[in-house]
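Secondary and tertiary structure notes
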Amino acid sequence: IVDTLRNKGIINGKTKNEFAPDEGICRGDFALLLARAGGLKAEKSYDFKDVNKSSYYYEAIAALYENKIIQGYDGYIRPSEPVTREEVAAITVRYIDVLGLGFTSDSAVEFADGDSISTWAAESVDSAAKMGIMIGDNASRFNPKNTLTRAESAAIILRLTENNSATEKKYVTGSALSEKLNIV
């Protein structure tokens, strides 16, 4: 997964030899992955209260903001904060809509922890799950408040870039990804 995305110029490791799959990913880094995957560029400049124009993810955040894929919080983007799984579901569904990706929905998916999904995210979580973009763990939990890991972000981006179809519907944890790819 990582090598495929690295070869496409979408993802990098923490260092040359380390991907750190179990680490959480921040909002700015996930925005960077999405912008690279979709080839999105901003046409205008934006003044975010907490994103310096010289930061490595500014262009990506501006492109996603311009395309209404991400939304601010009263002028704040919070790029260095961890991004939760339910936030990623909402962002990813908007990304699919904006880019017009041709994903089809499977039958309804129910999660054991469905009652812990925020009201504002419920429809997006349902859509992302039906499309196979985001799935639950081995205990049928979505874990909506958990921080998205780097491994999960790689799996999501790969699903978004592979023929617009989510063929790999297996839950991938960072450790499993590490073992599969023989990386740290």
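What counts and how
Residues numbered from 1 in each chain as written. Predicted model: local features only at pLDDT ≥ 70, side-chain atom pairs only at ≥ 80, totals over all residues. Heavy atoms only, no water. Helix = DSSP H or I, 4+ residues; strand = E, 2+ residues; numbered from the N terminus. Buried < 20%, exposed > 50% of the residue type's maximum accessible area, 1.4 Å probe, protein only. Contact = heavy atoms within 4.5 Å. Salt bridge = Lys/Arg side-chain N within 4 Å of Asp/Glu carboxyl O. Core = buried A, V, L, I, M, F, W, Y, C linked by side-chain atoms within 4.5 Å. Phe/Tyr/Trp six-rings, centres within 6.5 Å; stacked < 30°, edge-to-face > 60°. Axes fitted to C-alpha atoms, helices over the stretch in contact; angles between N-to-C directions. Parallel < 35°, antiparallel > 145°, perpendicular 65-115°, else oblique. Left-handed = near helix turned anticlockwise from the far one by under 90°.

Our next topic: the overall build of the chain. On a plain count of helices and strands, the chain comes out with 7 helices and 0 strands. Helices and strands appear in the chain in the N-to-C order α-α-α-α-α-α-α. Taking all 184 residues of the chain together, the buried fraction comes to 47%. Put simply, 74% of the contacts in the chain that link residues at least 6 apart link residues at least 24 apart.

This model, assessed by the stated rule, comprises 8 salt bridges. Between aspartate 47 and lysine 53 there is a salt bridge, and its shortest N-O distance comes to 3.0 Å. Note that arginine 85 is salt-bridged to glutamate 152, the shortest N-O span being 3.2 Å. With arginine 85 in helix α4 (residues 85–99) and glutamate 152 in helix α6 (residues 150–161), the pair connects residues that are 67 residues apart, well separated along the chain. Accessibility classification places arginine 85 together with glutamate 152 in one group, the buried group. By sharing partners, the salt bridges in this structure join Arg27, Arg78, Glu81 and Glu87 into a single network.

Turning next to the nonpolar core. Grouped together as the largest cluster of nonpolar side chains are 53 residues, with contacts concentrated most on Phe30, Met134 and Leu160. Looking at this core, the elements that each hand over two or more residues are α1 (2–7), α2 (27–38), α3 (58–66), α4, α5 (119–130) and α6. When neighbours within four sequence positions are excluded, phenylalanine 30 is seen to be in contact with Ile25, Val83, Val88, Ile91, Thr92, Leu148, Ser153, Ile156 and Ile157.

Applying the stated rule across the entire model yields 6 aromatic pairs. Judged by centre distance (5.1 Å) and plane angle (90°), the rings of phenylalanine 48 and tyrosine 65 are edge-to-face. You can see phenylalanine 48 sitting in the loop between α2 and α3 and its partner tyrosine 65 sitting in helix α3, a full 17 residues away along the chain. Residue classification places tyrosine 65 among the partly exposed positions, given a relative accessible area of 33%.

The subject of this paragraph is the packing of α4 against α6. Packed helices, taken two at a time, are described by their axes: the angle between them and the distance between them. Put simply, α4 and α6 touch, their axes get as near as 12 Å, and they point 15° apart. Between α4 and α6, the interaxial angle falls into the category roughly parallel. Relative to α6, the crossing made by α4 is right-handed. Note on element contacts: α6 touches α4 through Glu152, Ile156 and Leu160, opposite Arg85, Val88, Thr92, Tyr95 and Ile96.

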